[in-house]
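# Observations on the model geometry
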Amino acid sequence: MHIPDAQTFNALAHSEPDSFERQEQTLAFGIWVFLLSEAMLFGGLILAYLANLLIHPQTFQEGSRELHLVLGSVNTAVLLTSSLFVAVAVELVRRDNVDWARFFVGAALLLGIAFLVIKGAEYYLEYQDDLIPWLPSSAQKAPTLRLFYVFYFFMTGLHALHMVIGIFGLALLLLILNRRINGLLWVMAIALYWHFVDVIWVFLFPILYLQGRA
Amino acid sequence: MTRGAGEIKAYLGAYLALMVLLLATIVIAQINIGLLQLPAALAIAALKALLILLFFMELRYAAAPIKISVIAVTIWTLIFALLSFADYVTRPWPLNPTIETSVPRNLITDGHGGD
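What this report covers is the structure whose coordinates are included nearby.

Rules behind the numbers
Residues numbered from 1 in each chain as written. Chains lettered and ligands numbered in written order. Predicted model: local features only at pLDDT ≥ 70, side-chain atom pairs only at ≥ 80, totals over all residues. Heavy atoms only, no water. Contact = heavy atoms within 4.5 Å. Buried area = accessible area lost by both parts, 1.4 Å probe. Salt bridge = Lys/Arg side-chain N within 4 Å of Asp/Glu carboxyl O. Helix = DSSP H or I, 4+ residues; strand = E, 2+ residues; numbered from the N terminus. Buried < 20%, exposed > 50% of the residue type's maximum accessible area, 1.4 Å probe, protein only. Core = buried A, V, L, I, M, F, W, Y, C linked by side-chain atoms within 4.5 Å. Patch = residues over 30% accessible without salt bridge, like charges linked within 9 Å, V, L, I, M, F, W, Y side chains within 5 Å. Areas by Shrake-Rupley, 256 points an atom, 1.4 Å probe, with all protein chains shown as cover. Lys, Arg positive; Asp, Glu negative; His and termini not counted. 1 Å grid on protein atoms, 1.4 Å probe; cavity = no way out; pocket = protein on both sides within 12 Å on 5 of 7 lines; lining within 4 Å. Points joined across faces, edges and corners; volume = space filled by probe spheres on them. Nonpolar A, V, L, I, M, F, W, Y, C, P; charged D, E, K, R; others polar. Phe/Tyr/Trp six-rings, centres within 6.5 Å; stacked < 30°, edge-to-face > 60°.

Listed per partner, the contact involves 54 residues of chain B and 49 residues of chain A. Summing the contributions of chain B and of chain A, the shared interface buries around 4500 Å²; its carbon and sulfur component is 78%. At the surface where chain B touches chain A, the tally comes to one salt bridge. A salt bridge links A:Arg94 to B:Glu58; its shortest N-O distance comes to 2.9 Å.

Dropping the structure here:
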C-alpha cells in the first residue's frame, strides 16, 4: 500500500486549492464516503434478509426458486459488462481519447437500460404469478413466502432506483464529453457510482436468486 | 503503485475473472453441498466485489484514507453480522433443533412462522 510521506501530504495540503491533484483527492474521498454510507444502507437490508433466510429456510428457498434464474443471470452479466465499459471509458478520457470514451459510455448506458428492461420483464412475470406481496392476488400465499417477496421487491427496487440515477449520470457524462469539457473529475465520480451499483447487485443476485436450487 | 500503460488489459482480466466467478456461483448453487451453500455463495460474491473495487474502482491506486475507510466499513458490517447471527443461530427454534429447552417448542416457534 502506498502511503504518502509527510512531505507529500503537506505539499498537497498547501497546494493551490484549485490544483487538479487536490480536487481529485477531495472529490474521490467525498464520493467514497458517500458510497460507503450507501453500503451501510444495503448492508443492513442484506443482514435483515439473511437473518430471515435462516429463520424460514424452506419458505425462503421456495420463494427463491420461483424467481427467473436465467433473466437474473443475464442481468448480472449485463451489469458486469457495463462496468467494464465504464472503466475503459475512464482510462480513455485519461488518454484524451474522447471519441472512444464517448462510445464506451454510450454502450454502458444502453446496457444499463437493458438491465432495467429485463428487470421490468421479470417484475411483470412475477405479477402474472401473483407474487407481488401487497396486491390482494397474493393473499392465498403463505405469510413467510410473502415476506420473502417483500425483501425481494424492496431490495431489487432500491437497486433499480440507483440504476436510474446512474443512467442519468452516464447521460450527463455523454453531454460533458460531447461538449469536450475537460471532465475527468466528473467521469471519475460517475464511474465510481456506477461500479458501486454493480457491487450491490453482485451481493443481491446470489442471496435472492440462488437459494434452494440444489 | 502507479498507473501503467496496461490498465485496459488489467480491466479485461478482471472482467474475465468476474464472468468465470458468475458461472461458478450459478453452477455451485445447483450442487447439493448442504450448509456450505450460503457461505460459498457469499464468499464468491465477496471475491467479485473485491475485483470490482480493486480494478474497476481503482481502489489499489487510492489514497490511504480511502483504503482505511473501506476496510473500516467492511469490519463494521462484519461486526454487525457477527453479533446478529450469534443471537439467531443460538436460539432453540427452528434453526437449531439440537439446543435443549424446557419451553415447549410449539410455544417458541409461535409467532415466528417458522418452517
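Next comes the rest of the account.
Another point: unusual backbone geometry. Residue and element names in this part refer to chain A. Here the phi dihedral of Asp 96 falls at roughly 65°; this positive angle occurs in a residue that is not glycine. Checked against the element boundaries, Asp 96 lands in the loop between α4 (69–94) and α5 (98–128). Backbone geometry places Asp 130, a non-glycine residue, at a positive phi of 60°. The exposure class assigned to Asp 130 is partly exposed, which follows from its relative accessible area of 27%.

Grouped together as the largest cluster of nonpolar side chains are 97 residues, with contacts concentrated most on A:Tyr49, A:Met155, A:Leu170, A:Leu208, B:Phe56 and B:Met57. Those elements that provide at least two residues to this core are α2 (20–55), α4, α5, α6 (143–178) and α7 (184–209) of chain A together with α1 (7–30), α2 (37–56) and α3 (64–88) of chain B. Contacts of A:Leu208, omitting those with residues within four sequence positions, involve A:Tyr49, A:Ser64, A:Leu67, A:Phe148, A:Tyr152, A:Met155 and A:Thr156.

Turning our eyes to something else, we now look at a nonpolar patch on the surface. All names here are of chain B. A surface patch of nonpolar side chains, about 590 Å² in accessible area, is lined by Ile 71, Ile 75, Trp 76, Ile 79, Phe 80 and Leu 83. In this fold, Ile 79 is placed in helix α3. Look at Ile 79 and you get partly exposed, because its relative accessible area is 35%.

Another aspect to go through is the side chain of B:Lys48. As for its position among the elements, B:Lys48 is in helix α2. Nearest to the buried, unbridged B:Lys48 among oppositely charged side chains is A:Asp198, at 7.9 Å. If sequence neighbours within four positions are ignored, B:Lys48 has contacts with A:Thr76, A:Val202, B:Leu18, B:Leu21, B:Leu22 and B:Thr25.

This model, assessed by the stated rule, comprises two cavities of 30 Å³ or more. Counted as a void, the largest cavity has a volume near 50 Å³. Forming the boundary of the largest cavity are A:Leu210, B:Thr25, B:Ile28, B:Ala29, B:Gln37, B:Ala40 and B:Ala41. Listing elements by their share of the lining of the largest cavity, those giving two or more residues are α1 and α2 of chain B. Its residues assigned to classes, the lining of the largest cavity shows five nonpolar, two polar and no charged. Taken as a whole, the second largest cavity holds about 30 Å³ of empty space. Lining the second largest cavity are A:Val86, A:Ala89, A:Val90, A:Val105, A:Leu170, A:Leu173, A:Val187 and A:Ala191. Of all elements in the fold, only α4, α6 and α7 of chain A reach the threshold of two or more residues within the lining of the second largest cavity.

Now for the packing of aromatic side chains. Residues and elements named next belong to chain A. Here the structure, examined in full by the defined rule, presents 23 aromatic pairs over all chains. Geometrically, the ring pair formed by Trp 100 and Phe 103 is edge-to-face, given 5.3 Å between the ring centres and 75° between the ring planes. With Trp 100 and Phe 103 both in helix α5, this residue pair falls three residues apart, about one helical turn. Consider the rings of Trp 100 and Phe 104, whose centres lie 6.3 Å apart with planes at 40°: the pair is tilted. With Trp 100 and Phe 104 both in helix α5 and four residues apart, this pair spans about one turn of that helix.

All we've got here are geometric facts, nothing functional implied.
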